[in-house]
Amino acid sequence: MEFHVHVPTMLVLSIVMSLTFAGSIGWVARPGVRDGLLPLSLGFACHAVGYVLLGLRGMIPDLFSVLLANMLVTGACSLLLLAVAQFLQERLASAWLWGPALAVVLLLSAYLDDINTRVILGGSVLVVVFAALLWRLARAHRRISGRGRYLLLTGVLITLVLLIARVVLFATGAAVLEQVLDYAPSQVMLYVTAFVSQILLGTGFLLMAKESAEAQARHQAMLDSLTGCWNRARIEALVKYEMARLKRYGTPLSLLLLDMDHFKLINDQHGHLLGDSVLKAFVARVQGVIRETDLLGRWGGEEFVVLLPSSGFVAMTQMAERIRAQVEALPMVGDVRVTVSLGCASCQSTDSWETWLGRADVALYRAKAAGRNRAECEMPLTRPGPGLSVAESLGELVWRDEYLSGNPEIDDEHRTLFVSARRLFDLQQEEEGSLTAAARVFVAELEAHMATEERVLANAGYPECAAHTALHRQLAERAHRLLEAQARGQLTFDELLHFVVYEVTVQHLFIEDAKFHAHLGGA
Ligand SMILES: Nc1nc2c(ncn2[C@@H]2O[C@H](COP(=O)(O)OP(=O)(O)OP(=O)(O)O)[C@@H](O)[C@H]2O)c(=O)[nH]1
């Protein structure tokens, strides 16, 4: 039995399928939503009408069955390109929309009597459109989630290969055509492939749109609806993940708890709506300060959390201070200013989320109690567990040029204090004798340094010199009380660490001393 593909029947099937796709996609597309479904539906409709006109060749004037038909089929492909661009939230130059269809009309009108040249010219224009489609999809491949993209890509590839083969066959004379509805292998190949790729393009795009909507819904469910930052559930999931990484690899991990100061007053004075705008502006401000890898979430009300992966104690305190300063620096909305209090804690390998959060909370409470608009950090209260050294858990207690004050004498002494603080870190509790000696050396160096600093600041006319000297007195008093406690055997290693690293190095050298750097011309 001889097998014959009836070309007019194939054409009719293609038309019916395009109309079905046009109708069903148009029905689910929502006006005003730029997800590509409307141009896709319109593209299928153009394709169907174009094929109807092609099928009427000989019965209607060539103007319609050749020029308008090819223009509509080419326009359908450009609409597919627009649909993909819309889906990817990209711009498409209008030349891509009208250019190919106009080019086809101009080129074909010169060859109304030569169907083979028309196939080559019309096919070449479509090759360009499908190549552009392939390029856009391939470029954005990683941005698209799900499997629909593979169906769509396959449809585009099949069509492109068919079009190129067709142009080559006709250009080399290997294929010739008498009539558009002739039974010829090239025409059968065209309609069969068009049929398959129509299914792939239509279903692929729909699937892609569905998967993307689902991915977006999943993403939305992780966001705080007012401010757009992560919500509490998402932050807790991220915390679990980051804590597992810390336990596995020992990478430091820190946490900032942010609580806006006197936020109730803002609501009371300016209304809830403005309060909401302030919350949004606050999130935008903090997002602008933190690194891309840091994670900001809303813990509830006017309380937020910043998770700082790969950040130890020092990086954490610096970040807290930067956030505090940036929030205070400019009004949030209109002329409404706010300040923020921060509680910070670095995670220890022995921590649970509750103990870690608890320490940040205690620090936040201290910041509020100490007058607000400040960052307080909680030192680790126990020695770190296996797999994480103290230095690791405290991050980067190493000297950096950004700590330079602008005065070489002060900087030399700061460096020396750094080295001594680090030596204390590395000592073990058992080494009682060396610990006592190291603590005495540290306090002696600290006192000598404070005297130098007071002299330099007085000579430089630093306006806050008296206040800074008063802070030195408090530190010196506390240092002596600690040494006495140590002599009585009443000082724990953790208390000593807290003083050396937290009170002296972080709170004083990093935060207080940084205030006079600008005066001395430093970093
Ligand atoms: N506008 C607005 N206000 C909120 C939202 N969530 C919580 N608040 C308000 O935030 C205020 C929090 O007040 P408090 O817990 O007393 O804290 P505070 O006034 O910031 O004072 P301190 O934290 O002690 O500095 C309350 O008035 C809440 O109504 C919100 O989504 N929008």
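As annotated in an unreviewed UniProt entry, the chain is diguanylate cyclase from Candidatus Dactylopiibacterium carminicum. UniProt, in the comment section headed Catalytic activity (unreviewed entry), describes the chain in these words: "2 GTP = 3',3'-c-di-GMP + 2 diphosphate". Looking at the chain in UniProt, the text filed under Sequence similarities (unreviewed entry) is "Belongs to the hemerythrin family."

A. Spatial organisation of helix α10 (residues 272–289). Given a rise of 1.5 Å per residue, 18 residues ought to cover 26 Å, and the 26 Å separating the end C-alpha atoms of α10 matches this to within 8%. For α10, every residue scored as buried is listed here: Gly-275, Val-278, Leu-279, Phe-282, Val-283, Arg-285, Val-286 and Val-289. Here the buried residues of α10 occupy an arc of 165 degrees about the axis, which is enough to place them on one side. Facing away from the buried surface of α10 by more than 90 degrees, the exposed residues are Leu-273 and Gly-288.

B. Just the confidence of the model for the chain, in detail. Across the chain, the average pLDDT comes to 87, with 90% of residues at 70 or higher. Least confident of the elements in the chain is helix α13 (residues 390–393), whose mean pLDDT is 43; most confident is α10, at 97. Within the model, the stretch residues 380–396 combines pLDDT values under 50 with 51 contacts to residues more than four positions away or in other chains. As scored by the predictor, the complex reaches a pTM of 0.59 and an ipTM of 0.95.

C. Molecular detail of the nonpolar core. Judged by nonpolar contacts, the single largest core of 59 residues is most densely connected at Leu-256, Leu-258, Phe-282, Val-286, Phe-304, Val-306 and Ile-323. When residues in this core are grouped by element, the largest group, eight residues, is from helix α17 (residues 493–512). Each of domain 2 (222–393) and domain 3 (397–523) accounts for three or more of the residues forming this core. Here Ile-323 is in contact with Leu-256, Leu-258, Val-286, Val-289, Ile-290, Val-306 and Leu-342, once residues within four sequence places are set aside. In this structure, Met-10, Ala-22, Val-73 and Tyr-191 belong to the second largest nonpolar core, which totals 56 residues.

D. Structural view of the side chain of Arg-285. When you line up the elements, Arg-285 lands in helix α10. Summary of buried charges: Arg-285 has no salt-bridge partner, and the nearest side chain of opposite charge, Glu-328, is 9.6 Å away.

E. Quick peek at the UniProt feature "transmembrane region" (unreviewed entry) in the chain. The sites that UniProt annotates as "transmembrane region" (unreviewed entry) are residues 6–29, 36–54, 66–88, 95–112, 118–138, 150–176 and 188–209. Helix makes up 92% of residues 6–29 and strand 0%, with an end-to-end C-alpha separation of 34 Å. In residues 150–176, the share of helix is 81% and the share of strand is 0%. The end C-alpha atoms are 34 Å apart.

F. Representation of the environment of Pro-185 within the structure. With respect to the helices and strands, the residue Pro-185 is situated in helix α7 (residues 185–220). As for Pro-185 and Ala-175, which are separated by 10 residues in sequence, their C-alpha atoms are 8.4 Å apart.

G. How the structure looks around the pattern of salt bridges. Scanning the model with the defined rule gives 19 salt bridges in all. With a shortest N-O distance of 3.3 Å, Arg-245 and Glu-242 are connected by a salt bridge. You can see Arg-245 and its partner Glu-242 sitting in helix α8 (residues 232–249), three residues apart, about one turn around the helix. For Arg-245, a relative accessible area of 26% gives the class partly exposed.

Rules of the game
Numbers given for residues are sequential positions, taken from 1 along each chain in its written order. This being a predicted model, a pLDDT of at least 70 is required before a residue's local features are given, and a value of 80 or more before pairs of side-chain atoms are given or counted; all residues contribute to the totals for chains, interfaces and linings. The side-chain values count all of the structure's non-hydrogen atoms but skip hydrogen atoms and water molecules. UniProt positions are given in the numbering used here, feature names are shortened, and annotations may be inferred rather than shown by experiment. A run of H or I in DSSP counts as a helix once it spans at least four residues, and a run of E counts as a strand once it spans at least two, with each numbered from the N terminus. By this rule the span expected of a helix is its residue count minus one, scaled by 1.5 Å. For each residue, the accessible area found with a 1.4 Å probe, counting protein chains only, is set against the maximum for its type, and the residue is called buried under 20%, exposed over 50%, and partly exposed in between. Directions are taken from the helix axis to each C-beta atom, and the arc is the one they span. pLDDT is a residue-level measure of predictor confidence that goes from 0 to 100. In what follows, residue pairs with any heavy atoms lying within 4.5 Å of each other are defined as contacts. For our purposes a nonpolar core is just a set of buried Ala, Val, Leu, Ile, Met, Phe, Trp, Tyr and Cys residues, chained together by side-chain atoms within 4.5 Å. These domain limits were set by an automatic method or by a database of domain assignments. The charged-residue count follows a simple rule in which Lys and Arg add positive charge and Asp and Glu add negative charge, with His and chain termini not counted at all. For this analysis, a salt bridge means a side-chain nitrogen from Lys or Arg found within 4 Å of a carboxyl oxygen belonging to Asp or Glu.

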